[in-house]
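Structure at a glance
Chain by chain, the residues run as shown.
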Amino acid sequence: ETAEARRRQFVSDASHELKTPLASIKLLSDSILQNEMDPETQREFIGDIGREADRLGRLTQKLLTLTKLDSSVEEEREILDAAPVVRKVVRMLLPLARLRGIGIDTTFEPDCSVMTVEDDLYQIVFNLTENAIKYNRQDGWVGVSVRRAGDQVELRVEDNGAGIPPESMEHIFERFYRTDASRNSSKGGSGIGLSIVKKIMEDHGGQVWATSKEGTGTTMYLALRKYQEVPVHE
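Reading guide: rules and limits
Residues numbered from 1 in each chain as written. Predicted model: local features only at pLDDT ≥ 70, side-chain atom pairs only at ≥ 80, totals over all residues. Heavy atoms only, no water. Pairing = 2+ DSSP bridges. Helix = DSSP H or I, 4+ residues; strand = E, 2+ residues; numbered from the N terminus. Axes fitted to C-alpha atoms, helices over the stretch in contact; angles between N-to-C directions. Contact = heavy atoms within 4.5 Å. Salt bridge = Lys/Arg side-chain N within 4 Å of Asp/Glu carboxyl O. Buried < 20%, exposed > 50% of the residue type's maximum accessible area, 1.4 Å probe, protein only. Expected span 1.5 Å × (residues − 1). Bend = angle between axes of the 7 residues up to and from the residue. Polar contact = N/O pair within 3.5 Å; in protein donor to acceptor, adjacent residues only side chain to side chain. Left-handed = near helix turned anticlockwise from the far one by under 90°. Nonpolar A, V, L, I, M, F, W, Y, C, P; charged D, E, K, R; others polar.

**With respect to the sheet that holds strand 4 (residues 141-149)**
Reading across from one edge, 2-4-5-7-6 is the order of the five strands in this open sheet, with mixed pairing throughout. The sheet is open, and its two borders are formed by strand 2 (103-108) and strand 6 (207-213), each paired with just one other strand. Adjacent strand axes in the sheet meet at a mean angle of 10 degrees when their direction is disregarded. Helix 4 (residues 118-134) rests against strand 2, strand 4, strand 5 (152-159) and strand 7 (217-225) of the sheet, and its axis sits at about 25 degrees to strand 5. In this fold helix 6 (residues 193-203) packs onto strand 6 and strand 7, with an angle of close to 20 degrees to the strand it touches most, strand 7.

**What about the pattern of salt bridges?**
Scanning the model with the defined rule gives eight salt bridges in all. Across the pair Glu109 and Arg148 runs a salt bridge, and its minimum N-O distance is 3.7 Å. Here the residue Glu109 occupies a position in the loop between strand 2 and strand 3 (113-116), and Arg148 occupies one in strand 4, the gap between them amounting to 39 residues. The class for Glu109 is partly exposed, based on a relative accessible area of 25%.

**Comments concerning helix 3 (residues 82-99)**
If you check helix 3, its first and last C-alpha atoms are 27 Å apart, about what 18 residues at 1.5 Å a residue would give, namely 26 Å. Its maximal kink placed at Leu93, helix 3 deviates by approximately 45 degrees, while the proline Pro95 follows within four residues. By the burial criterion, the buried members of helix 3 are Ala82, Ala83, Val85, Val86, Val89, Val90, Leu93 and Ala97. Here helix 3 starts with a cap whose side-chain oxygen sits 3.2 Å from the backbone nitrogen of Ala83, and that cap is Asp81. At the C-terminal side of helix 3, Gly101 shows a positive phi close to 70 degrees.

**Regarding the pairing of strand 7**
The buried fraction of strand 7 is high, at eight of nine residues. One ladder, built from seven bridges, connects strand 6 with strand 7; its direction is antiparallel. Following the sheet pairing, Ser212 is matched in strand 7 by Thr218.

**Brief notes about the side chain of Thr218**
In this structure, Thr218 sits in strand 7. Within the structure, Thr218 has its side chain in polar contact with the side chain of Ser212 (distance 2.8 Å).

**Focus: helix 6**
For an α-helix, the turn length of 3.6 residues means that residues three or four places apart are oriented alike. Within helix 6, eight of the 11 residues are buried, which leaves it mostly tucked inside the rest of the structure. Those residues of helix 6 not exposed but buried are Gly193, Leu194, Ser195, Ile196, Val197, Lys199, Ile200 and Met201. Gly205 sits one or two residues past helix 6 and shows a positive phi near 70 degrees.

**Focus: the environment of Gly101**
By the element assignment, Gly101 lies in the loop between helix 3 and strand 2. You can call Gly101 partly exposed: its relative accessible area is 35%. Between the C-alpha atoms of Gly101 and Asp139, which are 38 residues apart in sequence, the distance is 4.3 Å.

**Let's talk about the packing of helix 3 against helix 4**
Between helix 3 and helix 4, the least distance of the axes is 9 Å, while the angle of their chain directions is 35 degrees. Considering only the axes of helix 3 and helix 4, their crossing is right-handed. Together, Ala82, Val85, Val86, Lys88, Val89, Met92, Leu93, Leu96 and Ala97 of helix 3 and Glu118, Leu121, Tyr122, Val125, Phe126, Thr129, Glu130, Ile133 and Lys134 of helix 4 make up the contact between the two elements. In terms of residue class, the contact of helix 3 with helix 4 is made up of 13 nonpolar, one polar and four charged.

Following this line, the structure appears as structure tokens:
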């Protein structure tokens, strides 16, 4: 009964999230068809439709990821250095950061190998870094680092944005939960990204947590067990 209730809630929440961009696309397309518009306004509306379609695509991909994670189908893990994967994420998100005038500082320590699935590691770092950029202030700052911490590798993504209200901190990793700031913004947050991060980290035996102060910024932490090669004695 509990599993069925969760399934029903998931379907309900997912349907609600999908309705928003679909409704926007329908409204915009009807406006173009039913009203006489000058070419510039028409291009603007078509651009809005494209952005809503992109948002729908991102949301669909996140829902598919959640479904895959819930199915408990494990992909084969490999030993890899975390730093190159994180570098790739930063390189991919640099245009978005530059668009908002946000600087990204990086710190990569050597010898930070972990046992993981590369696509999973890429996705969780991408989600956290994209959030740090999207919900930051104009001309803000983001720091991304990979460090050794005892027998673990710690990945840290920090920003100097608006921060998260204290009453929201305990809920940020829940599916479809969004703080009022992100819910009322035009940034298109779905409340799914952090729940994906948490599920992947749990499946890898890792940890994820956050610290935040309103008006100062937020820091997200990921910790995975450091892979240590055992020397072979002949």
